[in-house]
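# Observations on the model geometry
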Amino acid sequence: MALPTGLPPPASPTRHSLRRASYALFHDSEEIKPVINQARAVIALRRVLVVIGLAGALVACGEGDRNTLSVALFQAPSSDALIELIPEFEEETGVKVEYDVLPYADLKTKVEQQFYARSGTYDVVMADCIWIPSFAERGYLQEVDETAWLPGEYDFEDLLPALDDYLGHYPKGGTRYGMPFMSNTHMMTYRPTMIQAVVDKLGLDLPGETPESTWTWDQYLQVAQAVQEDLSAAGVDAYGSSLQARAGAWLIYEWYSVLFGFVTDDEARATGLPAFDAPAAAAMAYYAQLYDDAAPKGALTWGHEEETAAMCSGRTAMDATSNVELAANLLAEECQTAGPLAFAYPPIGASGKASPDMGGYGLLLSADSDMPDQASAFVLWAASKDVHARVVAGGGSPVRKSEVRNPDVLEQFPYLAMYEQLIEDSIYRARVAFWPELQDVLSRELTAVMKGDKAAAAATAEVRAWLESRAAN
């Protein structure tokens with residue numbers, strides 16, 4: 001699928017021409033020129049001082065003959081956009097950047113191998129949010145120097161706070177080990193032409209872009225089932241709902257949005273670690289029913305890409321947990337041939353709130369890097385206001401308030417108008433070092449429920465027993 005690669009032309013040439021004329025008039029004023037020149041000189045001096053500081057750091061560390069950073073990146077639109085900009089960092093700092101771009105499983109394997117061997121292969125790693133607690137607690141990360149890039153100019157306040165904390169810090173509110181770089185959460189995607197008749201028959205409105213105007217999880221299931229019945233009766237090879245139910249991180253990332261549609265405990269919502277009792281069993285049963293009644297059976301092998309591709313092609317009518325990080329793909333012209341796609345706020349649960357599962361990747365500083373100043377400068381640069389705005393324009397996902405409030409960005413990616421509210425309402429998987437093991441247990445049990453091999457109550461009992469056994473040991 002083709003991704004948008006740049007910002008669209010200005011919607012109103014006259015308005016933009018007037019703005020440019022006003023800008024030129026202001027900057028050509030003889031009274032203001034000295035002020036502007038002084039400001040530019042201050043900024044230039046700060047940049048020179050950063051470069052001098054980086055060069056000095058190399059010499060001070062005895063590494064004057066090494067000025068190359070090694071970076072491990074996840075294979076995603078955000079990384080592609082960043083790579084286009086890396087020459088600017090190299091030119092400005094004199095520091096070279098080498099990078100590997102890896103798919104999810106390979107990235108995890110290579111990064112973990114480095115950390116276990118303490119080899120220092122990578123100075124900076126792009127890490128999934130669920131890896132951060134384990135990496136931090138095992139001493140694989142080191143603190144970022146927040147003054148390493150344009151001190152006094154860097155706009156930390158512009159970062160979306162929840163994303164900055166989740167993707168850059170550990171524990172919550174703790175040490176900064178990196179910077180948020182690629183965010184993700186869930187929203188609803190649907191094709192009106194495939195669901196309008198059912199929606200009308202059920203007396204509903206199409207889902208809206210606010211918590212007040214969207215559906216509940218019960219309504220989503222009801223529509224998905226009815227759409228599936230109509231498609232099956234007409235002999236159409238399409239389905240009411242898309243899913244990503246591949247075992248492991250893919251399944252649990254999606255199911256956690258459903259889980260907190262049933263869990264109402266505020267403390268559990270804040271920690272991402274519920275009791276896995278009756279509400280969790282209800283969430284497993286709901287997900288299995290959605291799969292049985294309205295989703296392709298092949299969805300048990302689907303991840304982000306397959307789930308999104310099914311919406312693009314028209315094979316599925318709706319997706320309650322559509323990934324924002326891949327939503328730019330759905331704007332491609334080929335995704336509109338089966339009828340235009342629309343975006344909505346995710347379903348509301350028993351708590352009265354939506355529960356999109358926050359995800360994403362941070363650029364983190366390896367504890368084994370012997371170039372911490374240069375590595376700190378790189379991660380700060382990559383998430384800086386100017387650079388990251390261009391990453392978003394290239395199809396990346398936002399991490400800053402200014403990015404989701406920019407009219408040009410919203411014109412290009414209209415679904416981002418919901419983003420601040422989505423992040424505010426998002427839940428997250430537990431920020432604990434044993435999350436990978438817990439995720440495997442949850443995946444095993446939920447998959448058994450979906451295959452009809454186990455009742456939901458028995459599956460959640462197994463999860464509780466695992467947690468109790470771990471706590472006892």
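Our subject in this report is the structure included herewith. (Residues numbered from 1 in each chain as written. Predicted model: local features only at pLDDT ≥ 70, side-chain atom pairs only at ≥ 80, totals over all residues. Heavy atoms only, no water.)

### Here's the deal with the state of the cysteines
Quick note on the threshold: Cysteine sulfur atoms are paired as a disulfide whenever they come within 2.5 Å of each other. Numbering goes from the N terminus for both helices and strands, where a helix is a DSSP run of H or I of at least four residues and a strand is a run of E of at least two. Residue exposure (1.4 Å probe, protein chains only): buried if accessible area is under 20% of the type maximum, exposed if over 50%, otherwise partly exposed.
One pass over the full model with this rule turns up one disulfide. Each sulfur in the disulfide pair Cys312 and Cys335 lies 2.1 Å from the other. Given an S-S torsion of about -95°, the disulfide between Cys312 and Cys335 has left-handed geometry. With Cys312 in helix H12 (residues 304–313) and Cys335 in the loop between strand S8 (318–323) and strand S9 (342–344), this residue pair connects regions lying 23 residues apart in the sequence. Given a relative accessible area of 7%, Cys312 falls into the buried group. Relative accessible area serves as the criterion here: at 0%, Cys335 is assigned to the buried category.

### Some remarks on the environment of Val263
This is how the line gets drawn: In this description, contact between two residues means that some pair of their heavy atoms is separated by no more than 4.5 Å.
Counting through the fold element by element, Val263 comes out in the loop between helix H9 (249–262) and helix H10 (266–271). Distance from Val263 to Gly349, taken between C-alpha atoms, is 8.3 Å for residues 86 residues apart in sequence. Those residues in contact with Val263 that lie beyond four places of it in its chain are Ala268, Pro274, Pro279 and Ser351.

### Things to note about the sheet that holds strand S1 (residues 68–74)
Where we set the bar: Only strands that DSSP links by at least two bridges are regarded as paired with each other. Convention adopted: a line fitted to C-alpha atoms gives each axis, helices being fitted over their contacting stretch, and angles between N-to-C directions are expressed from 0 to 180 degrees.
Within the open sheet, the five strands sit side by side as S2-S1-S3-S10-S6. Their pairing is mixed. Taken across any chain shown, the strands that pair with only one partner, and hence form the sheet edges, are strand S2 (96–102) and strand S6 (178–184). Averaged over all adjacent pairs, the angle separating strand axes in this sheet is 20°, with direction ignored. Pairing of S1 with strand S3 (residues 124–128), which is carried by two bridges, proceeds in the parallel orientation. Bridging across to S3, Ala72 finds its partner in Val125. With respect to the sheet, helix H13 (residues 372–382) is in contact with S1, S2, S3, S6 and strand S10 (359–365), its orientation differing from that of S10 by roughly 150°.

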